[in-house]
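# Per-entry structural report
Listed below, chain by chain, are the residues.
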Amino acid sequence: QTSRSGHFAGGGSMALPPRTRARPSNGRADSDGGERKPRSVKFACTMEKSAPHRVLAARGWREVDDDSWDVMWADTAWVHDNVTYNVTTQPQRLRENQRVNHFPNHVELTRKDLLAKNVKRAKRQAEKDGTDPSEFDFIPKTYALPGEGQMLLRDFREKGGTWIMKPIGRAQGTGIFLVNKAKQIEDWLKKRGTEVAENKLSDDYVCQRYVDNPYLVDDRKFDTRIYVLCLSYQPLKVYLYREGFARFANTAYSTAKSDLKNQYIHLTNHAIQKRDVDYDPEVDDLKMPIRDLYAHILSKHGQEAADRCFAGIHSVIINALRSVQQVMINDRHCYELYGYDVMIDENLRPWLIEVNASPSMSSDSQTDADLKAALLDDTFTALDAEEMFEGRTPPRVGGFDLVCDDGALTRTAEWGGLPTLLGADNSDRLEALERLRRWCTKGKAGEERAKARGAELVVATGMPPIVHW
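Each value, and the rule that gives it
Residues numbered from 1 in each chain as written. Predicted model: local features only at pLDDT ≥ 70, side-chain atom pairs only at ≥ 80, totals over all residues. Heavy atoms only, no water. Helix = DSSP H or I, 4+ residues; strand = E, 2+ residues; numbered from the N terminus. Polar contact = N/O pair within 3.5 Å; in protein donor to acceptor, adjacent residues only side chain to side chain. Pairing = 2+ DSSP bridges. Buried < 20%, exposed > 50% of the residue type's maximum accessible area, 1.4 Å probe, protein only. Axes fitted to C-alpha atoms, helices over the stretch in contact; angles between N-to-C directions. Contact = heavy atoms within 4.5 Å. Expected span 1.5 Å × (residues − 1). Core = buried A, V, L, I, M, F, W, Y, C linked by side-chain atoms within 4.5 Å. pLDDT = per-residue confidence, 0-100. Salt bridge = Lys/Arg side-chain N within 4 Å of Asp/Glu carboxyl O.

## Quick word on the environment of Asp-259
Of note, Asp-259 is situated in the loop between β11 (245-248) and α7 (263-266). Here the side chain of Asp-259 touches Ser-254 through a polar contact of 2.7 Å, side chain to side chain.

## Observations regarding the sheet that holds strand β2 (residues 62-63)
As a general point, the strands of a sheet are linked pairwise by backbone hydrogen bonds and lie either parallel or antiparallel. Spatial ordering of the open sheet is given by β2-β1-β3-β4, a layout of four strands whose pairing is parallel. Looking at the sheet topology across the chains shown, the edges are occupied by β2 and β4 (99-100).

## Quick notes on the side chain of His-333
With respect to the helices and strands, the residue His-333 is situated in the loop between α10 (303-324) and β13 (336-344). Side chain to side chain, His-333 and Asp-331 meet in a polar contact 2.8 Å long.

## Topic: the pairing of strand β8 (residues 205-209)
Taken across its five residues, β8 has four buried, putting it largely inside the fold. For strand β5 (residues 142-145) and β8, the ladder comprises four bridges, and the chain directions are antiparallel. Within β8, the residue paired with Thr-142 across the bridge is Gln-208.

## Some remarks on unusual backbone geometry
Note that the residue after Leu-145, namely Pro-146, is joined by a cis bond; omega there is 15°. Relative to the helices and strands, Pro-146 resides in the loop between β5 and α5 (149-159). Put simply, Gln-234 and Pro-235 share a cis peptide bond, and its omega is 0°. With respect to the element layout, Pro-235 can be found in the loop between β9 (222-233) and β10 (236-241). Located in the positive-phi region is Asn-199, a residue other than glycine, with phi close to 60°. The residue Asn-199 is located in the loop between α6 (182-197) and β8 in this model.

## As for the sheet that holds strand β6 (residues 163-167)
Strand order in the open sheet made by the four strands is β5-β8-β6-β7, with antiparallel pairing throughout. The sheet terminates laterally at β5 and β7 (177-179), the two strands that pair on one side only. Going from strand to strand, the sheet's axes swing by 25° on average, the running direction of each strand aside. Contacting β5, β6 and β8, helix α4 (residues 112-129) runs over the sheet at an angle of about 130° to β5.

## Quick look at helix α9 (residues 290-301)
Over its 12 residues, α9 extends 16 Å from the first C-alpha to the last, a length consistent with the 16 Å expected when each residue adds 1.5 Å. Two residues or fewer after α9 comes Gly-302, characterised by a positive phi angle close to 95°.

## Considerations on the pairing of β13
Note on strand geometry: in a regular strand, side chains alternate between the two faces of the sheet. The element β13 is largely enclosed, with a buried count of nine among its nine residues. Of the two faces of β13, the one holding Glu-336, Tyr-338, Tyr-340, Val-342 and Ile-344 and the one holding Leu-337, Gly-339, Asp-341 and Met-343 are both buried throughout. Here six bridges tie β13 to strand β14 (residues 350-356), and the two strands are oriented antiparallel to one another. Each bridged residue has a counterpart across the sheet, and for Val-342 the counterpart in β14 is Leu-352. Hairpin connection of β13 to β14: five residues between the antiparallel strands, including Leu-348 at a positive phi of 65°.

## Observations concerning the nonpolar core
Judged by nonpolar contacts, the single largest core of 66 residues is most densely connected at Leu-109, Ile-226, Tyr-233, Tyr-338, Tyr-340 and Leu-352. When residues in this core are grouped by element, the largest group, 11 residues, is from α10. Ranked by size, the runner-up nonpolar core spans 36 residues in total, among them Val-71, Leu-229, Tyr-239 and Tyr-335.

## Let's talk about helix α1 (residues 51-58)
Among the eight residues of α1, six are classified as buried, and the element is accordingly described as predominantly covered. What α1 keeps buried is the set Ala-51, Pro-52, His-53, Val-55, Leu-56 and Ala-58. Gly-60 lies just past α1 and shows a positive phi near 85°.

## A word on the confidence of the model for the protein chain
Mean pLDDT over the protein chain stands at 87; residues scoring 70 or higher make up 86%. In this model residues 17-36 is a low-confidence stretch, pLDDT under 50, and it forms 58 contacts with partners more than four residues away in sequence or in other chains. With pLDDT under 50 throughout, residues 87-92 is counted as low confidence; its partners more than four residues away or in other chains account for 10 contacts.

## Notes on the pattern of salt bridges
Applying the stated criterion across every chain, the model contains 32 salt bridges. Put simply, Glu-135 and Arg-322 hold a salt bridge, and the shortest N to O gap is 3.0 Å. Here Glu-135, found in the loop between α4 and β5, pairs with Arg-322, found in helix α10; they are 187 residues apart in sequence, far enough to count as distant. The exposure class of Arg-322 is partly exposed, given its relative accessible area of 34%. Residues Lys-141 and Asp-155 are paired through a salt bridge, measuring 2.9 Å at the closest nitrogen-oxygen approach. Of this pair, Lys-141 sits in the loop between α4 and β5 while Asp-155 sits in helix α5; the two residues are 14 residues apart in sequence, bridging distant segments of the chain. Among the residues examined, Lys-141 registers a relative accessible area of 42% and is labelled partly exposed. Relative accessible area serves as the criterion here: at 5%, Asp-155 is assigned to the buried category. Through salt bridges with shared partners, a single network forms among Arg-59, Asp-377, Asp-378, Glu-386 and Arg-429.

Laid out in structure tokens, this is it:
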């Protein structure tokens, strides 16, 4: 059974991807009939000197400043300008082999109001289809403001409680605040109306019921950052990264009314916590590897509870993608590396807080840098820009495990008895990439021959089938 123990690579300057990487020999045959070689790849990046730019270059790919690139890492503004929203016309400027890192209307998942709208619609559709609508009960109750302001006020007056206000399009905790009085909501709606009347720029918001019973570690609130690679929506093809981390508040959690405005208690965004005068990165960088979080829950609550919690996170990830599957423009040129923010409550129930289209790839520690360099390297390998895979889908690419292929949930023998490989051991990442290299070298025909031999052995010996991966 796969272990959840392991360690980060540490020490030294920022780790760039290792040279030991899947470099298969099944791309094209040499003229003399010798070993096939991978296709050469050109890349472009709109963020010079960023971590993605360094990783792309470290792979040995050639950077270009024209439209001849094969792989593009771009900001969302570039995608909005260059990848069509019109599903009836394919973007003329993108060639068949070109891949870019955002879907045209990624906001259906990554904008807070649209995510809530799509999850609500998916739940209604599940009820209509006779399937389990509770699969989509993973976001707190949400209202889009100002449009649903009166509905929010009615709900608040009936049930009260604490709610959290968030601008729909900002990041890193900007503009977020908590409310616990109807007048606070009324004042915001009035101010918003005045701003519109005066033609002032203003943000639309969502207001969500605040998860005021978070699971605590050392009396502090946290959420988790999890990385998910979506290669296609139609059909759904998804990889989940084994490594991620919990992000902690620097101050002990409190529900006291006097602490309602204290961001260092209620918001776990690292950009906010670093501003706390009591924050000392030499003492605590406020991050915990997700495998250590699993180990903590395991030690406190037992394996059944820990596995149920992480299986719930796994389900949230898949069902969030399913909720937008029918509205997402599935441009074949696009892929997306999402950063999921998931919170766990005191009952070990996961809640999806938001999904980020551009998760931060900057680092403020060596372990953080190592994780993100490996994550990016594995992302670019999974794209198969070098034409390694011959149309096949590998079940593991470095730290990525295939969790959905052709719309169906997947798992391999490597999972053992685990419900998910989120938080599983990734210290064998380089060995996994070497296995991928051999798998590519063997080629599709070789894999079929191996499967046939395995089937013959099953018939001859009665032994279980050989696992070829």
